[in-house]
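# Analysis of the macromolecular model
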Amino acid sequence: MRFALLALSVFTLLLNGYHPLAEDGGLYVAGVQLTLNPALFPHYTVFVSEHLHFSIFAPVLACLVHLTHLSLAWVLLLTDLFSLWLTFYAAHRILQRTISNEAAQLAGLCLLAAFWTLPIAGTSLLLMDPYVTARSLSTPLSLLAVAFALDDHSNLRPLLISALCLILVAAFHPLMAAYAFAFVLVLRLARVRQPALAYAILTVSALALAAVLQTLAPTESPAIIAAEKSRYYWFLSQWQWFELLGLAGPLAVLAALLTRYRKQPDPPNTAAATLCRACIAIGCIATLVALLFAHESSRSHLVARMQPLRVFLLIYAIMTLLLGATLTQLALNASQRLKSHALRTALSSLPAILIVALAATMFYVQRQTFPASDHLEFPWRAQHNPNPWVQAFLWARDNTPPDALFALDTRYVNEDGEDAQTFRPISLRSALPDFSKDGGEAAITPSLAAQWQQGATAQTHLSTETDTVRDPRLLPLGVTWMVLHAAAPTTHPCPYNNGVIKVCSLAPTHP
């Protein structure tokens with residue numbers, strides 16, 4: 001199985017791609033870059049540094065760069081591979097406690113590999129990301145905590161290991177640690193004599209706590225509210241029907257699995273049933289809290305900011321493992337009752353065929369998600385990225401002064417062909433806060449909301465406006481350079497233009 005875990009890690013990387021500076025990966029990498037070189041990003045530094053106060057992610061990666069003498073790009077790739085292996089290791093520890101058949105265990109791991117980048121309902125999270133963030137380490141550590149929490153409650157050692165894993169999760173990602181702790185608590189309560197009563201008390205306690213937090217939270221400014229409302233996924237009323245189905249579907253699957261496990265009360269099935277009950281219970285509690293307290297019209301959005309539905313990340317991971325393993329076990333058991341060798345082979349092969357088909361589908365989805373970028377953005381390919389946006393960002397890195405301040409369209413990461421590649425870590429230059437990514441930072445850190453709103457507003461429709469509209473917005477903020485669409489009207493000098501994107505100077509002269 002050791003070789004299988006390593007092979008699955010490499011396969012998952014090749015299947016789901018690697019985009020280290022895209023989406024949230026770019027936000028975390030900028031923090032590591034700032035830790036390595038505090039002179040970077042001299043303007044609006046707080047949008048890079050704020051999250052560094054709550055996580056050891058950036059210091060740990062910066063330390064690895066110093067200790068290994070490798071470039072940050074190589075450290076990120078190796079960290080990604082390690083997080084892949086650690087996730088499969090943790091998942092295997094869960095399956096060892098819930099599924100007795102080794103072939104079924106392997107099938108559960110393979111389904112996890114296929115579903116690696118599956119969206120978690122409408123939470124704006126993926127099961128695992130094709131880049132490195134604090135979640136790359138907090139998720140496998142959370143799964144390890146769950147695995148050891150499944151062990152005999154009379155044995156102190158597994159509980160201590162589970163607690164240690166939760167402490168490490170908190171060090172990397174405090175918010176995800178809170179939900180990992182809640183999950184482990186619910187899992188332990190599933191073993192008490194009256195679990196229904198324990199769950200009822202826990203539900204009332206969670207709702208009471210949410211009510212107190214919402215009542216005591218201070219009234220928010222218009223800028224804070226604007227930042228919070230920019231995160232549509234905080235509010236169930238903004239979700240699409242298929243996103244809502246993403247909440248109900250996994251709970252229904254787990255309920256069906258629970259029905260099967262109850263019929264066979266041997267130790268593995270008992271542990272699997274306990275795990276299913278815990279998933280269903282905490283999923284229902286989180287959904288109820290979100291329904292009652294995460295409203296756009298609320299005076300305060302403190303509960304919405306805590307994003308209780310993030311606990312579904314663990315629910316999805318566990319559902320995937322148990323579903324893949326159980327379907328394989330059912331197919332193997334059914335095939336043994338058939339007399340025809342051909343039919344036995346066909347039936348026992350069905351789970352593998354299904355997993356391969358799902359993996360191919362997910363590969364296609366990933367290619368459509370990053371169509372203008374290499375599927376695997378390895379360090380040795382960094383200078384040859386085909387993405388025209390990345391090419392413009394690299395030119396800015398090599399041809400503009402370190403203290404330059406850039407403006408880009410406020411939703412530039414959502415542009416067709418941009419592939420959510422983030423400007424700061426690629427260009428190593430400061431930028432005004434944007435709507436899409438910096439808005440998330442402002443939403444969870446209210447002190448940044450006013451700066452975010454000012455910068456995001458100044459960059460609205462940047463490429464469609466004229467200089468007479470842009471300049472009065474940007475110059476008072478100290479902007480010295482702009483990244484515009486190639487066809488954007490401007491009289492300012494644009495020393496770089498690749499036919500899709502151009503880089504223009506707002507200063508009287510440029511280097």
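All chains use their own residue numbering, which begins from 1 and follows the written sequence. For this predicted model, a pLDDT threshold of at least 70 governs which residues receive local features, and a threshold of 80 or more governs which side-chain atom pairs are given and counted, while totals over whole chains, interfaces and linings are taken from all residues. With hydrogens and water set aside, each side-chain value is computed from the structure's full complement of heavy atoms.

So, on to the overall build of the chain. Scanning the chain from terminus to terminus reveals 21 helices and five strands. In terms of C-alpha radius of gyration, the chain reaches 24 Å, essentially the compact-globule figure of 24 Å for 511 residues. Dimensions of the chain, computed from the C-alpha atoms along their principal axes, are close to 80 × 55 × 45 Å. The buried share among the 511 residues of the chain stands at 55%. Contacts are residue-level and defined by heavy atoms, with any inter-residue pair within 4.5 Å sufficient. Considering only contacts in the chain between residues 6 or more positions apart, those separated by 24 or more positions represent 70%. Note that accessible areas follow from Shrake-Rupley with a 1.4 Å probe, and for residues the cover is restricted to the protein chains shown. When the accessible area of the chain is evaluated, it comes to approximately 21400 Å², of which 67% is carbon and sulfur surface. One way to put it: in the chain the 30 positive side-chain charges average out to a point 14 Å from where the 28 negative ones average out. In this description a helix means any DSSP run of H or I spanning at least four residues, a strand means any run of E spanning at least two, and both kinds are numbered starting from the N terminus. Here the globule rule is a power law, 2.2 Å times the number of residues to the power 0.38, and the radius of gyration is based on C-alpha atoms. Throughout this description, buried means an accessible area under 20% of the type-specific maximum (1.4 Å probe, protein chains only), exposed means over 50%, and partly exposed covers the range between. The charged-residue count follows a simple rule in which Lys and Arg add positive charge and Asp and Glu add negative charge, with His and chain termini not counted at all. Lys charges are placed at NZ, Arg charges at CZ, Asp charges at CG and Glu charges at CD.

Mapped onto the elements of the fold, aspartate 398 is located in helix α17 (residues 388-399). A sequence separation of 29 residues divides aspartate 398 from serine 427, and the C-alpha atoms of the two residues are 7.9 Å apart. A polar atom in the side chain of aspartate 398 sits 3.0 Å from the side chain of arginine 397. By the criterion applied in these results, polar contacts are pairs of N or O atoms within 3.5 Å in which, for protein atoms, one can donate a hydrogen and the other can accept it, and in which residues neighboring in sequence qualify only through two side-chain atoms.

Salt bridges are counted wherever a side-chain nitrogen of Lys or Arg sits within 4 Å of a carboxyl oxygen of Asp or Glu. Under the criterion given, the structure shown has 11 salt bridges. Here glutamate 220 makes a salt bridge to arginine 305, at a shortest N to O gap of 3.1 Å. Of this pair, glutamate 220 sits in the loop between α10 (195-216) and α11 (222-229) while arginine 305 sits in helix α14 (residues 302-306), and the two are 85 residues apart along the sequence. By relative accessible area, glutamate 220 is classed as buried at 11%. You can call arginine 305 buried: its relative accessible area is 16%. Between aspartate 398 and arginine 397 there is a salt bridge; the shortest N-O distance is 3.0 Å. In the salt-bridge network here, residues are joined through shared partners; they are Glu23, Asp24, Asp129, Arg135 and Lys437.

Right, let's talk about empty space enclosed by the protein for a bit. The pocket and cavity definitions rest on a 1 Å grid over protein atoms only: a 1.4 Å probe that fits but cannot leave marks a cavity, an open set with protein on both sides within 12 Å along at least five of seven lines marks a pocket, and residues lining either have an atom within 4 Å of a point. Grid points are joined across faces, edges and corners, and a volume is the space filled by probe spheres set on the points. Under the defined criterion, the tally for this structure stands at seven cavities of 30 Å³ or more. Estimated volume of the largest cavity: approximately 150 Å³. Leu27, Tyr412, Thr422, Arg424 and Asp438 are, among the 19 residues lining the largest cavity, the residues nearest its centre. Those elements that provide at least two residues to the lining of the largest cavity are α2 (23-36), α3 (46-49) and α18 (423-427). Approximately 90 Å³ is the volume attributed to the second largest cavity. If you trace the second largest cavity, you find it lined by Thr123, Tyr233, Trp234, Ala290, Ala294, Ala304, Gln307, Pro308, Leu309 and Arg310.

Turning our attention to the packing of helix α5 (residues 72-98) against helix α7 (residues 135-149). A fitted line through C-alpha atoms serves as each axis, taken over the contacting stretch for helices, and the angle formed by two N-to-C directions is quoted from 0 to 180°. Between α5 and α7, the least distance of the axes is 8 Å, while the angle of their chain directions is 15°. The angle between α5 and α7 places the two elements in the roughly parallel class. Viewed along their axes, α5 and α7 form a crossing whose handedness is left-handed. Along its contact with α5, which presents Phe82, Ser83, Leu86, Thr87, Tyr89, Ala90, Arg93, Ile94 and Arg97, the element α7 presents Ser136, Leu137, Pro140, Leu141, Leu143, Leu144, Val146, Ala147 and Phe148. All amino acids are sorted into three groups, where Ala, Val, Leu, Ile, Met, Phe, Trp, Tyr, Cys and Pro are nonpolar, Asp, Glu, Lys and Arg are charged, and the leftover types, Gly among them, are polar. Within the contact of α5 with α7, the residues separate by chemical class into 13 nonpolar, three polar and two charged. Each angle gets one of four labels, with under 35 degrees taken as roughly parallel, over 145 as roughly antiparallel, 65 to 115 as roughly perpendicular, and the rest as oblique. Throughout, a crossing is termed right-handed when the near helix is turned clockwise from the far one, and left-handed when it is turned anticlockwise from it by less than a right angle.

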